[in-house]
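# Inside the fold
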Protein chains: 6
Amino acid sequence: MGMKDQNTSPGDAEELLRLLSRAERLEALPRTGWQVCGVERPESIAAHVHGVMVVALWLADHHPEPKPDVERVMRIALVHDLSEAMLTDLPRPVKQLIGKDAVDRAEDRAADRILAAVPAWRQAFDEYRQGQTLEARIVKVADRIQMLAKALEYRQQRRGDVERFFDDHDTFDDRGIPLARAVFDALRTRYEERRWFDAHFD
Amino acid sequence: MGMKDQNTSPGDAEELLRLLSRAERLEALPRTGWQVCGVERPESIAAHVHGVMVVALWLADHHPEPKPDVERVMRIALVHDLSEAMLTDLPRPVKQLIGKDAVDRAEDRAADRILAAVPAWRQAFDEYRQGQTLEARIVKVADRIQMLAKALEYRQQRRGDVERFFDDHDTFDDRGIPLARAVFDALRTRYEERRWFDAHFD
Amino acid sequence: MGMKDQNTSPGDAEELLRLLSRAERLEALPRTGWQVCGVERPESIAAHVHGVMVVALWLADHHPEPKPDVERVMRIALVHDLSEAMLTDLPRPVKQLIGKDAVDRAEDRAADRILAAVPAWRQAFDEYRQGQTLEARIVKVADRIQMLAKALEYRQQRRGDVERFFDDHDTFDDRGIPLARAVFDALRTRYEERRWFDAHFD
Amino acid sequence: MGMKDQNTSPGDAEELLRLLSRAERLEALPRTGWQVCGVERPESIAAHVHGVMVVALWLADHHPEPKPDVERVMRIALVHDLSEAMLTDLPRPVKQLIGKDAVDRAEDRAADRILAAVPAWRQAFDEYRQGQTLEARIVKVADRIQMLAKALEYRQQRRGDVERFFDDHDTFDDRGIPLARAVFDALRTRYEERRWFDAHFD
Amino acid sequence: MGMKDQNTSPGDAEELLRLLSRAERLEALPRTGWQVCGVERPESIAAHVHGVMVVALWLADHHPEPKPDVERVMRIALVHDLSEAMLTDLPRPVKQLIGKDAVDRAEDRAADRILAAVPAWRQAFDEYRQGQTLEARIVKVADRIQMLAKALEYRQQRRGDVERFFDDHDTFDDRGIPLARAVFDALRTRYEERRWFDAHFD
Amino acid sequence: MGMKDQNTSPGDAEELLRLLSRAERLEALPRTGWQVCGVERPESIAAHVHGVMVVALWLADHHPEPKPDVERVMRIALVHDLSEAMLTDLPRPVKQLIGKDAVDRAEDRAADRILAAVPAWRQAFDEYRQGQTLEARIVKVADRIQMLAKALEYRQQRRGDVERFFDDHDTFDDRGIPLARAVFDALRTRYEERRWFDAHFD
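Parameters at a glance
- Residues numbered from 1 in each chain as written.
- Chains lettered and ligands numbered in written order.
- Predicted model: local features only at pLDDT ≥ 70, side-chain atom pairs only at ≥ 80, totals over all residues.
- Heavy atoms only, no water.
- UniProt positions renumbered as here; feature names shortened; annotations may be inferred.
- Helix = DSSP H or I, 4+ residues; strand = E, 2+ residues; numbered from the N terminus.
- Expected span 1.5 Å × (residues − 1).
- Least-squares fit on C-alpha atoms with pLDDT ≥ 70 in both.
- Contact = heavy atoms within 4.5 Å.
- Salt bridge = Lys/Arg side-chain N within 4 Å of Asp/Glu carboxyl O.
- Buried < 20%, exposed > 50% of the residue type's maximum accessible area, 1.4 Å probe, protein only.
- Phe/Tyr/Trp six-rings, centres within 6.5 Å; stacked < 30°, edge-to-face > 60°.
- Lys NZ or Arg CZ within 6 Å of the ring centre and 35° of its normal.
- Axes fitted to C-alpha atoms, helices over the stretch in contact; angles between N-to-C directions.
- Parallel < 35°, antiparallel > 145°, perpendicular 65-115°, else oblique.
- Left-handed = near helix turned anticlockwise from the far one by under 90°.
- Nonpolar A, V, L, I, M, F, W, Y, C, P; charged D, E, K, R; others polar.
- Buried area = accessible area lost by both parts, 1.4 Å probe.
- Polar contact = N/O pair within 3.5 Å; in protein donor to acceptor, adjacent residues only side chain to side chain.
- Core = buried A, V, L, I, M, F, W, Y, C linked by side-chain atoms within 4.5 Å.

Going by an unreviewed UniProt entry, chain A carries the name 5'-deoxynucleotidase and comes from Lujinxingia sediminis. For the record of chain A, the UniProt heading Catalytic activity (unreviewed entry) holds the text "a 2'-deoxyribonucleoside 5'-phosphate + H2O = a 2'-deoxyribonucleoside + phosphate". In the Subunit (unreviewed entry) part of its UniProt record, chain A is described as follows: "Homodimer."

### Digging into helix α10 (residues 119-130) of chain C
Its 12 residues place the ends of α10(C) 17 Å apart at the C-alpha level, agreeing with the 16 Å of an ideal helix rising 1.5 Å per residue. Note on α10(C): the residue one or two positions beyond its end, C:Gly131, has a positive phi of about 65°.

### Side note on the relation of the copies chain C and chain A
Taken as rigid bodies, chain C and chain A are interconverted by a rotation of 180° and an axial shift of 0.0 Å, the fit giving an RMSD of 0.0 Å. The superposition operator between the copies reduces to a two-fold rotation axis. Measuring from the rotation axis to each C-alpha of chain C, the shortest distance belongs to C:Ala102, at 3.4 Å. Both copies contact each other with a shared surface, as 100% of the interface residues of chain C are interface residues in chain A too.

### Observations regarding the pattern of salt bridges
Summed over all chains, the structure comprises 138 salt bridges over all chains. In this structure, C:Asp104 engages C:Lys100 in a salt bridge whose closest nitrogen and oxygen atoms are separated by 2.7 Å. Residue C:Asp104 and its partner C:Lys100 are both found in helix α9 (residues 100-114); the two are separated by 4 residues, about one turn of the helix. For C:Lys100, a relative accessible area of 59% translates into the label exposed. Ionic pairing is found between D:Arg129 and D:Asp104, a salt bridge with its closest N-O pair at 3.3 Å. Of the two residues, D:Arg129 is situated in helix α10 (residues 119-130) and D:Asp104 in helix α9 (residues 100-114); the sequence distance between them amounts to 25 residues. The network of salt bridges with common partners includes A:Lys100, A:Asp104, A:Glu107, A:Asp108, A:Asp112, A:Arg122, A:Asp126 and A:Arg129.

### Some remarks on the environment of B:Glu153
Residue and element names in this part refer to chain B. Tracing the backbone shows Glu153 in helix α11 (residues 134-156). What makes Glu153 partly exposed here is its relative accessible area of 26%. Residues Glu153 and Asp170 lie 17 residues apart in sequence; the distance between their C-alpha atoms is 20 Å.

### Quick notes on the packing of aromatic side chains
For the structure shown, the criterion picks out 30 aromatic pairs over all chains. Pairing D:Trp34 with D:Phe165 gives two aromatic rings, centres 4.8 Å apart and planes at 35°, and the pair type is tilted. Here D:Trp34 is found in helix α4 (residues 32-36), whereas its partner D:Phe165 is found in the loop between α11 (134-156) and α12 (178-201), with 131 residues between them in sequence. Accessibility classification places D:Trp34 together with D:Phe165 in one group, the buried group. Measuring from ring centre to ring centre gives 5.6 Å for D:Phe172 and D:Phe184, while their planes differ by 65°; the resulting arrangement is edge-to-face. A residue pair is termed long-range when its members are at least 10 positions apart, and D:Phe172 in the loop between α11 and α12 and D:Phe184 in helix α12 qualify at 12 residues. Put simply, the rings of A:Phe166, A:Phe172, A:Phe184 and A:Tyr191 touch in pairs and so form one group of aromatic residues. Cation over ring: B:Lys140 sits above B:Tyr128, and NZ or CZ is 4.3 Å from the ring centre.

### Some remarks on the packing of helix α5 (residues 45-62) of chain E against helix α6 (residues 70-79) of chain F
Packing of α5(E) against α6(F) brings their axes to within 11 Å, and their N-to-C directions diverge by 130°. Relative to α6(F), the element α5(E) is oriented oblique. The two elements α5(E) and α6(F) meet at a crossing, and its hand is left-handed. Along its contact with α5(E), which presents E:His50, E:Met53, E:Val54, E:Leu57 and E:Asp61, the element α6(F) presents F:Met74, F:Arg75 and F:Leu78. Grouping the amino acids of the contact of α5(E) with α6(F) by side-chain chemistry returns 5 nonpolar, 1 polar and 2 charged.

### Let's talk about the interface of chain B and chain A
Counting residues at the interface gives 52 residues for chain B and 52 residues for chain A. In this assembly, chain B packs against chain A so that about 4,700 Å² is buried in total across both faces, 67% of it on carbon and sulfur atoms. Contact with chain A buries area across many residues of chain B, yet B:Leu16, B:His50 and B:Trp58 alone supply 14% of it, more than any other trio. The tally of links from chain B across to chain A stands at 8 salt bridges. Residue A:Arg75 is joined to B:Asp61 by a salt bridge in which the shortest nitrogen-to-oxygen separation is 2.8 Å. Taken together, the links from chain B to chain A amount to 14 residue pairs in polar contact (both at pLDDT 80 or more). At the level of elements, α2 (13-23), α3 (25-28), α5 (45-62), α6 (70-79), α11 and α12 (178-201) of chain B are the ones that each hand at least two residues to the side of chain B that touches chain A.

### Quick notes on the environment of F:Gly51
Inspection of the secondary structure assignment puts F:Gly51 in helix α5 (residues 45-62). Between the C-alpha atoms of F:Gly51 and F:Ala77, which are 26 residues apart in sequence, the distance is 9.8 Å. If we ignore the near neighbours within four places in the chain, the residues touching F:Gly51 are E:Leu20, E:Glu24 and F:Gln146.

### What about the nonpolar core?
Counting 456 residues, the largest nonpolar core has A:Trp121, B:Trp121, C:Trp121, D:Trp121, E:Trp121 and F:Trp121 as its most contacted members. Here E:Trp121 is in contact with E:Leu19, E:Arg75, E:Val79, E:Leu82, E:Leu115, F:Val54, F:Leu57, F:Trp58 and F:Asp61, once residues within four sequence places are set aside.

### A word on the interface of chain C and chain A
Listed per partner, the contact involves 16 residues of chain C and 16 residues of chain A. With both sides pooled, the region where chain C packs onto chain A buries about 1,300 Å², and carbon together with sulfur makes up 69% of that total. Linking chain C to chain A there are 0 salt bridges. On the surface where chain C and chain A come into contact, there are 2 residue pairs in polar contact (both at pLDDT 80 or more). Going through the elements one at a time, α7 (84-87), α8 (92-98) and α9 of chain C are the ones with two or more residues in the side of chain C that touches chain A. When residues of the side of chain C that touches chain A are assigned to their parent elements, the largest contribution, 5 residues, is made by α9(C). A breakdown of the residues in the side of chain C that touches chain A according to their chemical character gives 10 nonpolar, 3 polar and 3 charged.

Laid out in structure tokens, this is it:
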């Protein structure tokens, strides 16, 4: 297959260093959604991706038959935010001002440039955005689970005002992944307990 | 296989949230080797793992026949520093004071607790430490490549005094991965150029 | 004049607090151009606007006949980056990915929302973007002068790699303001001296 | 008049760069009143001045007849804290230890040095301190409004303990500016609501 | 006495600079117990030692007959955490993973290296760890008092979750120092008042 | 002796907590001299005092006959900057604007308030300022040695522009302490070597 063929080509050290130098920008780029809520020094995009991979691998390992392709789950998770290495994590209000179509085109251009030399990675990026395959859906829910767990952590640390994350119904869409349903429920329960506790004992 | 069987068990949302909450500590924990060199606010361990996964996947994709098991490469890379979620990244002088055996035992205990519920992850952690399989060796060199690329970046940003990283021969051991050899050479060339440039034009 | 009429209306305390709360976001938003160059914790947009106002008022005070309208110079300087309170200071590479037209439209939408209640401020924002009037041109060069002075300061503090700011010819366009010419020349001279000094004595 | 004449002299680029370099120090200097209350990384003096200018321009635009001189309002607002570029924002307990007279003399000396070359700016600085003219009073209340709005913002972000700012009656002196009265009332109302809400639902 | 003899030898400037350079590392090293509780940017070890010396000197000054040797109290307080200049302040969970014996040995090795040239300091370090003499016990309780006072301060500033410090009975051991008993009681009272206040009025 | 009598009075836990709470402010207060030179996040006053105590104890231990009173050396070192707990570390340009006499009076007032309950500490503060006794002179040179060693450290870390510290002859006054002479010489030699090295190899 064409895609595989390219991946088995000898490769070029300079190509890797260019790719790495771009991917490493995710370390310095903050997840801006937290900043909008008043969280100072929130996690970086790189740290977010790290957490998503933990969740995605766990979901893939425990998914009932038919089993997902774990390699593809991991590949999709690793690249799913790579366009942000050039575009940064545009805050939601900024995206609304720019408009969804213009943002989508910019993400495509960014992915084109960053992943030009690794077509299998570029394909995984598209697979994530289309969100149809089992593997892509696992990463989509992993992305939400990591975000909610982080919101809960910031809540406990009294950093910022993250309640709105638990008010958005779309966040809790399990996309047909049964284990995600259970995790979403556990997260919501913890959140409710925390609210109740704060209201009564703090 | 016993290992697989356990992974295909239904799983438990609380188990994932415990695992995630520990893995996420890597976001707040700095890579202390940089701090020892005077780099303020260096990358976190989570960001390091993210970079290692980029390098490891690229090396696995481009490795000549016989092909490595890419899923295992990714799994090993994801867990290779997870013991530090409890043990933190002990600086090298601290490890020397404590002694190698005591540190090794502490790492084992940390991995035992963090990964108790996911035996396939625990196994991947051991595979990394033993460093014998093709997949483990790919992650080992990816770990070094990410470190050297970061040292080069800090050098260019004039953050800290990172030259010693390029003086340690062991760092450049390619562990039988031909592509790693090429990448190490490219990194050393860039480093020498930078030194020459600074000495003459800065 | 319709514009004046609206400004002399009684006004509404809530309107001011809404406006202020948005303008104050500029305090927390970094000037991203510096971050792209590796400057950590660069000035905020609010601090930039403050510096631009100092330069603009000085230029207006010292401008030869015919005298500019100083009130308008100050108003234009105060609002010239206010759209960034919603849109943030998009880094240049991000703007290129999004495309100039889409960015322009987003800036207009942001200014519309932030300045809906103060039409004279909205008009000053447009006047700046068109850049034709004497008052707008004074603020345009003040914006460049503040940026170059800051680049020089970061250079002396060895923060980031800001040389590219002195390599862009467009930056030094005096837009027909004679005093700006003299200031640009003084800035370039200081910069060249610094480079020469560093190359020989550091 | 004499003052105007000097301002219309040709001016000197070095003079501007000296003035700007001092004014820009306000970017790095924190508003220490917030630090005393436990707010970490509070706004800078430059950001404060920026906010005061927004409030002052809005008040001037909406002030009933007889209209203030908006240019003078803006000039006064821009320079009103410039002595702090040399003296820093001495915390209130420090001022009490030094004594009001000694502090006043030090502020004069600082303003003399910073504004030696721009007499119209020096005059505006004095006008603010005397606080008698309509324009100076507008800036005085703008200074308080910006401070209270910031205190409210820090309160909502749970940064520091800023309640004392709402307990000091002098802060709410409207200095004969009717619109300021309305804004002070709106700020107090928001503050009381916030307290009530926290006491019942947090 | 052999110990004294060595101290009265001429001394060597390089020896002092080596000792100082190591001791100064305590400035950059955080007290990790606070970080474990979620306190960002907690006090450094050097600042902790400074506070302990204030408490220890006050306790020594006010101690009933028989009077302690104040010089020795101060010497013990100054060196009591110096091993951490090499070993860092290992968080309690890390120490548990490594094991008490291995940690003790590492502390000894660190003290040996740092204090090789100043045997009277090395002796004071041991005296603290054995904790038997009146002077060592004064420093031991000073170490706890400073910690509890800091916990109270962080509690008031809503930084981190420090309640567990007041739940550990061992912390409040007065080691036979009567004044320490009074101070512990005062600290506990303040803490209870704060909790009661927060539960009712916040 | 009256002074001693007061110190041997039973003491009061609240008195200690008040004293400690003020002394602990030194942890959060930066040494502003470094900030003036462009060092970001410099050492705190508490960390400075810690370093001064290390130097002072070493100098006292190694001082030739007649031996200094080591307890008094330590007491003087511990309190020598305590007035800054209320007055903060006023930068030198600020002190010049305020005037030496006004600053001295403010320091006295601050020391009076902070040390009201501990007269022996207040006396040690005065002894330092007069700088006549052997013990006070040891702390005075220790204060300079710590400062120069820190300047050297910042120089090596390329933090700020600290060269001026080595250009001021008064700094190197040994105040009749022979060992201080040797340490000053060692510091100057290290500094010259560093400059030569940077000029040729960097």
